[in-house]
Amino acid sequence: MNVIDLSVDQPIAALASPPGGSARGIVRISGKQIQNVLAGWFKPQDVDAWNSAKSASSHPGMVHLNGQTRQMKIPVQVLLWPNRRSYTGQPLIELHLPGSPCLLEAVLNEAYRHGARHARPGEFTLRAFLAGKLDLLQAEAVLGVIDAHDQAELETALAQLAGGISANLSSLRRDLLELLADLEAGLDFVEEDIEFVSRKDVIDRLTQSRQFVDGLVRQAVERMQSRVRPQVVLAGLPNAGKSTLFNKLAGSNSALVSTDRGTTRDFLTRAVNWNGLTFDLIDTAGWEDDARGIAADAQQQRITQLNRADLVIWCTSASLSETERAIDDELLMTQQNKSSSIIRLITKSDLVPLTLTSNETKESISSPLDTVRISAVSEAGLIGLEDALRQHFGKSHGRSSQWLGMTSARCRETLELLTNALERSERAARVPTVGDELIAVDLRDALDHLGVILGVIYTDDILDRVFSKFCIGK
Ligand SMILES: Nc1nc2c(ncn2[C@@H]2O[C@H](COP(=O)(O)OP(=O)(O)OP(=O)(O)O)[C@@H](O)[C@H]2O)c(=O)[nH]1
Ligand SMILES: [Mg+2]
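Procedures and definitions
- Residues numbered from 1 in each chain as written.
- Chains lettered and ligands numbered in written order.
- Predicted model: local features only at pLDDT ≥ 70, side-chain atom pairs only at ≥ 80, totals over all residues.
- Helix = DSSP H or I, 4+ residues; strand = E, 2+ residues; numbered from the N terminus.
- Buried ≥ 20, exposed ≤ 12 C-beta atoms within 10 Å, placed from the backbone.
- Contact = placed C-beta atoms within 7 Å.
- Pairing = 2+ DSSP bridges.
- Axes fitted to C-alpha atoms, helices over the stretch in contact; angles between N-to-C directions.
- pLDDT = per-residue confidence, 0-100.

To continue, consider the overall build of the protein chain. When helices and strands are tallied, the protein chain shows 16 helices and 13 strands. Along the first, second and third principal axes, the C-alpha atoms of the protein chain reach 85 × 85 × 40 Å. Here the protein chain holds 474 residues, and 37% of them are scored as buried. Within the protein chain, contacts between residues at least 6 apart in sequence are counted, and of these 67% link residues at least 24 apart.

This part is about the sheet that holds strand E10 (residues 277-283). If you trace the 6 strands from one edge of the open sheet to the other, you get E9-E10-E8-E11-E12-E13, paired in mixed fashion. Only two strands of the sheet have a single neighbouring strand rather than two, namely strand E9 (268-274) and strand E13 (370-373). Going from strand to strand, the sheet's axes swing by 25° on average, the running direction of each strand aside. Across 4 bridges, the pairing between strand E8 (residues 231-236) and E10 is parallel. If you follow Val233 over to E10, its bridge partner there is Ile282. Its contacts with the sheet place helix H10 (residues 293-308) against E8, E10 and strand E11 (311-317), and it is angled at close to 135° to E8. Taken strand by strand, helix H11 (residues 322-338) contacts E8, E11 and strand E12 (342-347), and its axis lies near 175° from that of E11.

What follows covers the confidence of the model for the protein chain. Here the protein chain averages 86 in pLDDT, while 92% of its residues score no lower than 70. Between residues 1-5, whose pLDDT stays under 50, and residues either more than four places distant or in other chains, the model counts 11 contacts. For the stretch residues 356-366, pLDDT sits under 50, and the model shows 4 contacts to residues farther than four places along the chain or on other chains.

In this structure, Gln33 takes a positive phi of about 50° despite not being glycine. As for its placement among the helices and strands, Gln33 is situated in the loop between strand E2 (22-30) and helix H1 (34-37). Judged by the 12 C-beta atoms lying within 10 Å of it, Gln33 falls in the exposed class. With a phi close to 70°, Glu379 is a non-glycine residue in the positive phi region. With respect to the helices and strands, the residue Glu379 is situated in the loop between E13 and helix H13 (382-399).

Shown next, in the form of structure tokens:
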């Protein structure tokens, strides 16, 4: 799709509600003189109000549609934004009517017969962007909101749509433009020896800007990595019930389970989708002190997997003796020092019914760790485990940033070019013999890269990449 050669004045129309039947359907039309598109087939209740509308207003009335056999009169609510103060930054109409697919199709056909053309995917948002209503980051956020798969993604998209990141980048752009103006003003008066900005000030402002962009690059990278499934590793003493839980969560029988200690030798990985939580689950060999031969290899693999883990689920059998429990506590403590995220899971809880006076309850209440009791056999406590996983994944997502995945993918390279340009001008500024004009060259380069991210400077290629992902009607 070549979106760049589209005329922005021509009325475009499309279904704005989801396809298929629903209680209410919306047809959206945007362009110059769109009231003409409705002339003759939309009869407003209040003709004067419709003809003289100067601001956003609602107009009940009837549409007269040509059905296959007869004319149909359908009640409709028309919302009109007659000027630039609309989503697209140009006159916009929405027809709200009963959501029957045939009816909506008939309305669209009528609009096409009266001068509108079929909108292409993302064309409404493209017009909003071209009218300066949204910058490119916000346009991508519209798509992010539509596509959000979970609460965390939705929140990121909404934050980006609200302009948090755009506002930060715009203020960075303003700062750099001011700095460039100061430098260039100095260049005009270089003969008179008038200094508009001190070299120290230039260096400080460049350093601050670069540090800000460094933070954004880190965020963008993190955001892209968070798309990779978290690695959740099951660990603990032999016989703790790790493989049994593995099979339960993976919905398979791939891991061998037995009453013999040390059943699992190799580690086993499965991509799991458990109640909407997606992660890689890894079963490991039970902890052994003086393993030899194959067992020693299994222990080495266990350590490697634990080092790579995003979250460790430490399995402790509820039926351990006091001595075994002391060993387990010590091992867990060692692991805790190495892992940032860890949940203690008391397994086989069906074997030891919980009483409020048991040591374990006191411990789990005072423990700084998340402790969850489950039984893979009776399935008791699995909800608690689900909650704990959700919380852990939520935390790492929440930290991840104001960037949408697709935005960070598009911007990452440009952000790096931006950092490089800022670094170059900072380096130049630190050499007293280097003139301001050389600092300005790299600064202009940095501003160009920033413009590309915000969409102040854009190319067919960027617009194509962003808007071709949209659906029609948005
Ligand atoms: N009663 C009861 N038994 C369980 C539960 N979970 C596991 N078991 C039993 O405990 C034994 C050990 O289970 P596994 O899943 O093989 O334990 P593991 O931690 O993988 O053991 P290793 O691979 O040797 O480290 C098996 O006999 C399981 O049937 C549970 O929730 N309740
Ligand atoms: Mg096992």
